Amino acid sequence: MTTSTASALELHDVSHAYDKVRAVDHVSLHVNEGEVICLLGPSGCGKSTILRLAAGLETLQQGRVVMQGQTIADGAARQSVPPERRGVGLVFQDFALFPHLSVARNIGFGLTELDAAGRDKRIAEVLDQVDMADYATAFPHALSGGQQQRIALARALAPQPAVLLLDEPFSGLDARLREQIRDETLHVLKRSRTATLMVTHDPEEAMFMADRIY
């Protein structure tokens, strides 16, 4: 595959094994700027492992990971850029909000390169993006599941990552909320133009969210 300037994330011939179990087998894919791409498949088929390899949470054993034209992991060369320097945003199934921090401080946690004024400005911007501007001082336990999901998304978007990785982000929501939150999330992603790679086992969800499905 030829590296394209429009491509935010590329995986080239990536494989990964846990002991004798081959979780990922010669996978190649790309995500362009502004695209939402879904990895669709049953539990245990390696979808989340692909996200973890892209994020740098697993050591790449084979293949290459390229972000915005730069190789950030190379299995053959045993080279890897640390997760915190990859410009990747992560949203997991459990949202992983810090219970002892307010909404604003949760979102501001990763904005270490901004001064206080810049941090406050960016927090306000992303809270407005996810329609949660009135909840800056609230704590996670006081929020509904749907509201927690929005804050997790805002926190991931706050550093303006090159790539956003979503691991079954709606699976913890009840059926009544899921459709609404999916719709709101898709609008936020399209407005932000963030390249997004999302994992789901739900074909309907993939069809709704994705520009392309793997």
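Here is a short report on the structure shown in this document. Note that the coordinates shown come from a computational prediction; the quantities given were computed from them, not determined experimentally. (Residues numbered from 1 in each chain as written. Predicted model: local features only at pLDDT ≥ 70, side-chain atom pairs only at ≥ 80, totals over all residues. Heavy atoms only, no water.)

1. Things to note about the pattern of salt bridges
Inspection of every chain in the model, using the stated rule, returns 11 salt bridges. Arg-52 is paired through a salt bridge with Glu-58; the nearest N and O atoms lie 3.1 Å apart. Its relative accessible area of 32% is what places Arg-52 among the partly exposed residues. Linking Arg-150 and Glu-184 is a salt bridge whose minimum nitrogen-to-oxygen distance equals 3.2 Å. Pair noted here: Arg-150 is in helix 4 (residues 145-157) and Glu-184 is in helix 5 (residues 175-192), with a separation of 34 residues, a long-range link. For Arg-150, a relative accessible area of 16% gives the class buried. Salt bridges here are not isolated pairs; linked through shared partners, they connect Arg-182, Asp-202, Glu-204 and Glu-205. (Salt bridge = Lys/Arg side-chain N within 4 Å of Asp/Glu carboxyl O. Buried < 20%, exposed > 50% of the residue type's maximum accessible area, 1.4 Å probe, protein only. Helix = DSSP H or I, 4+ residues; strand = E, 2+ residues; numbered from the N terminus.)

2. Overview of the packing of aromatic side chains
All told, the structure shown has one aromatic pair when counted by the stated rule. A ring pair is formed by Phe-98 and Phe-109, whose centres lie 4.7 Å apart and whose planes are at 50 degrees; its orientation type is tilted. You can see Phe-98 sitting in the loop between strand 7 (88-91) and helix 2 (103-108) and its partner Phe-109 sitting in the loop between helix 2 and helix 3 (116-129), a full 11 residues away along the chain. On the basis of relative accessibility, which here comes to 26%, the residue Phe-98 falls in the partly exposed class. Stacked on the ring of Phe-98, the Lys or Arg Arg-155 has its end atom at 5.3 Å from the ring centre. When the ring centre of Phe-208 is taken as origin, the NZ or CZ atom of Arg-182, which lies over that ring, is 5.7 Å away. (Phe/Tyr/Trp six-rings, centres within 6.5 Å; stacked < 30°, edge-to-face > 60°. Lys NZ or Arg CZ within 6 Å of the ring centre and 35° of its normal.)

3. Here's the deal with the nonpolar core
If you look at the biggest cluster of nonpolar residues, it comprises 36 residues, and the most contacted ones within it are Ile-107, Ile-151 and Leu-164. Listing elements by their share of this core, those giving two or more residues are strand 3 (36-40), helix 2, helix 3, helix 4, strand 8 (163-167), helix 5 and helix 6 (203-209). Counting residues per element, this core draws most heavily on helix 4, at six residues. Discounting chain neighbours no more than four positions away, the residues touching Ile-151 are Leu-97, Val-103, Ile-107, Leu-127, Met-132 and Leu-143. Ala-8, Ile-37, Leu-60 and Val-199 belong to the second-largest nonpolar core, a separate cluster that totals 27 residues. (Core = buried A, V, L, I, M, F, W, Y, C linked by side-chain atoms within 4.5 Å. Contact = heavy atoms within 4.5 Å.)

4. As for the pairing of strand 8
Summarising burial for strand 8: five of the five residues are buried, a large majority. Across the two faces of strand 8 the burial is the same, with Val-163, Leu-165 and Asp-167 and Leu-164 and Leu-166 all buried. Of the pairings in the sheet, the one linking strand 7 to strand 8 comprises four bridges and is parallel in character. Among the inter-strand pairings, Leu-90 is bridged to a residue of strand 8, identified as Leu-165. (Pairing = 2+ DSSP bridges.)

5. Structural notes on the sheet that holds strand 7
A sheet is described by the order of its strands in space; here five strands give the open sequence 7-8-9-3-10, paired in parallel fashion. Strands at the two margins of the open sheet, each flanked by one partner only, are strand 7 and strand 10 (212-213). Here strand 3 runs beside strand 10; their pairing, made up of two bridges, is parallel. Bridging across to strand 10, Cys-38 finds its partner in Ile-213. On the sheet, helix 4 packs against strand 7 and strand 8 and is oriented at approximately 170 degrees with respect to strand 7. Strands strand 3, strand 8 and strand 9 (195-200) of the sheet are contacted by helix 5, whose axis makes an angle of about 135 degrees with strand 3. (Axes fitted to C-alpha atoms, helices over the stretch in contact; angles between N-to-C directions.)

6. Topic: the packing of helix 4 against helix 5
A packed helix pair is summarised by two numbers, namely the angle formed by the two axes and the spacing between the axes. Running from amino to carboxyl end, helix 4 crosses helix 5 at an angle of 15 degrees, the nearest separation of the two axes being 10 Å. If you check the angle between helix 4 and helix 5, you find them roughly parallel. Read as a crossing pair, helix 4 and helix 5 show a hand that is right-handed. Side by side, helix 4 and helix 5 meet where Gly-146, Gln-149, Arg-150, Leu-153 and Leu-157 of the first sit next to Leu-177, Gln-180, Ile-181, Glu-184, Thr-185, Val-188, Leu-189 and Ser-192 of the second. Class assignment of the residues belonging to the contact of helix 4 with helix 5 gives a composition of six nonpolar, five polar and two charged. (Parallel < 35°, antiparallel > 145°, perpendicular 65-115°, else oblique. Left-handed = near helix turned anticlockwise from the far one by under 90°. Nonpolar A, V, L, I, M, F, W, Y, C, P; charged D, E, K, R; others polar.)

7. Structural notes on unusual backbone geometry
Even without being glycine, Asp-19 reaches a positive phi, approximately 55 degrees. As for its position among the elements, Asp-19 is in the loop between strand 1 (7-18) and strand 2 (21-32). Even without being glycine, Glu-168 reaches a positive phi, approximately 45 degrees. Structurally, Glu-168 is set in the loop between strand 8 and helix 5. Owing to a relative accessible area of 7%, Glu-168 belongs among the buried residues under this scheme.

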